[in-house]
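# Observations on the model geometry
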Amino acid sequence: MSDHPERSFFERPVTAVAPDMLGMVLACGDRAGRIVEVEAYGGADDPASHGHRGRTPRNEVMFGPPGHLYVYFSYGMHWCANVVCEPDGRCGAVLVRALAPLQGIEDMWADRPKARRQRDLCSGPAKLTAALGIAGDHNGVDLIDPTSPVSLRQGDVAPAGHATSARIGISAATDRPWRWYTPGDPNVSRPPR
DNA sequence: AAATTGATTCAT
DNA sequence: TGAATCAATTTT
């Protein structure tokens, strides 16, 4: 189990792919982390999704082939990374919300000067992009191609289990338990304030 | 509780 | 052309 997933792995509903992404490894250059928290975002039927009002230049990648990276700029200062799911033409992506740092941790510290403890490095969607060096120029890259600057692979150990909750930081469709995380992992971002 | 920060989108 | 929104983080 250290291979890259088949594209068909992502060619499924976002709510099916999301829990399966816990334990996978997201890598950028020499830096990598194990996914411990994700959220699913759909298409026209999901009012919290960037794609719910149709295709635009920003969300274009969400409608494209699965297994690609959708990176968007948030709150005027942060980058967030999503894995595109669903068949080509359908809108959907899984937001990566937190990682357990695995490799390149010294480089992560350099790009996360505010972090005090190791669990501060990647415990949030914008923290982990800063820690890994993911930004807008990575939008649309193929995560399955191991030669891509950003790639996704299966982890060495399967997580013991997972828990769900409502998604964080949204105001619509808050009744959907579309957030999945590894219980007890110190790198999971904090619950809503 | 509030500042920070700017692209995106929808409404005039 | 303008205003509201925003899958957030940090400090007060």
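These remarks concern the structure in this document. (Residues numbered from 1 in each chain as written. Chains lettered and ligands numbered in written order. Predicted model: local features only at pLDDT ≥ 70, side-chain atom pairs only at ≥ 80, totals over all residues. Heavy atoms only, no water.)

Before going further, it helps to spend a moment on the overall build of chain A. On a plain count of helices and strands, chain A comes out with three helices and eight strands. Going from the N terminus to the C terminus, chain A shows its helices and strands as α-β-β-β-β-β-α-α-β-β-β. Over its C-alpha atoms, taken along the principal directions, chain A stretches across nearly 40 × 40 × 35 Å. The contacts in chain A between residues at least 6 apart in sequence include a share of 60% that link residues at least 24 apart. In the form shown here, chain A has an accessible surface area of approximately 9100 Å², with 50% of it arising from carbon and sulfur atoms. Distance between charge centroids for chain A: 10 Å, based on 21 positive and 22 negative side chains. (Helix = DSSP H or I, 4+ residues; strand = E, 2+ residues; numbered from the N terminus. Contact = heavy atoms within 4.5 Å. Areas by Shrake-Rupley, 256 points an atom, 1.4 Å probe, with all protein chains shown as cover. Lys, Arg positive; Asp, Glu negative; His and termini not counted. Charge placed at Lys NZ, Arg CZ, Asp CG, Glu CD.)

Bringing the packing of aromatic side chains into the picture now. Applying the stated criterion to the full structure yields three aromatic pairs. Ring geometry for F9 versus F10: centroids 4.9 Å apart, planes at 80°, classification edge-to-face. One exposure class covers both F9 and F10, and it is buried. If you follow R176 out to its NZ or CZ, it ends over the ring of W178, 4.9 Å from the centre. (Phe/Tyr/Trp six-rings, centres within 6.5 Å; stacked < 30°, edge-to-face > 60°. Buried < 20%, exposed > 50% of the residue type's maximum accessible area, 1.4 Å probe, protein only. Lys NZ or Arg CZ within 6 Å of the ring centre and 35° of its normal.)

Turning our attention to unusual backbone geometry. A positive phi is found at E86, a non-glycine position, where the angle reads about 70°. By the element assignment, E86 lies in the loop between β4 (78–84) and β5 (93–103). E86 gets classed as buried once you look at its relative accessible area, which sits at 8%. Unlike most non-glycine residues, A173 shows phi in positive territory, near 55°. Tracing the backbone shows A173 in the loop between β7 (163–165) and β8 (179–181). Among the residues examined, A173 registers a relative accessible area of 15% and is labelled buried.

Moving on to the protein's contact with DNA strand B. Neighbouring DNA strand B are the residues R53, T56, R58, F73, Y75, G76 and M77. Among the atoms of DNA strand B close to the protein, meaning within 4 Å, 60% are from sugar or phosphate groups. A distance of 2.2 Å separates a phosphate oxygen of DNA strand B from a polar atom in the side chain of T56. A distance of 3.2 Å is found between a base nitrogen of DNA strand B and a backbone nitrogen or oxygen belonging to G76. (Near = heavy atom within 4 Å. Polar contact = N/O pair within 3.5 Å; in protein donor to acceptor, adjacent residues only side chain to side chain.)

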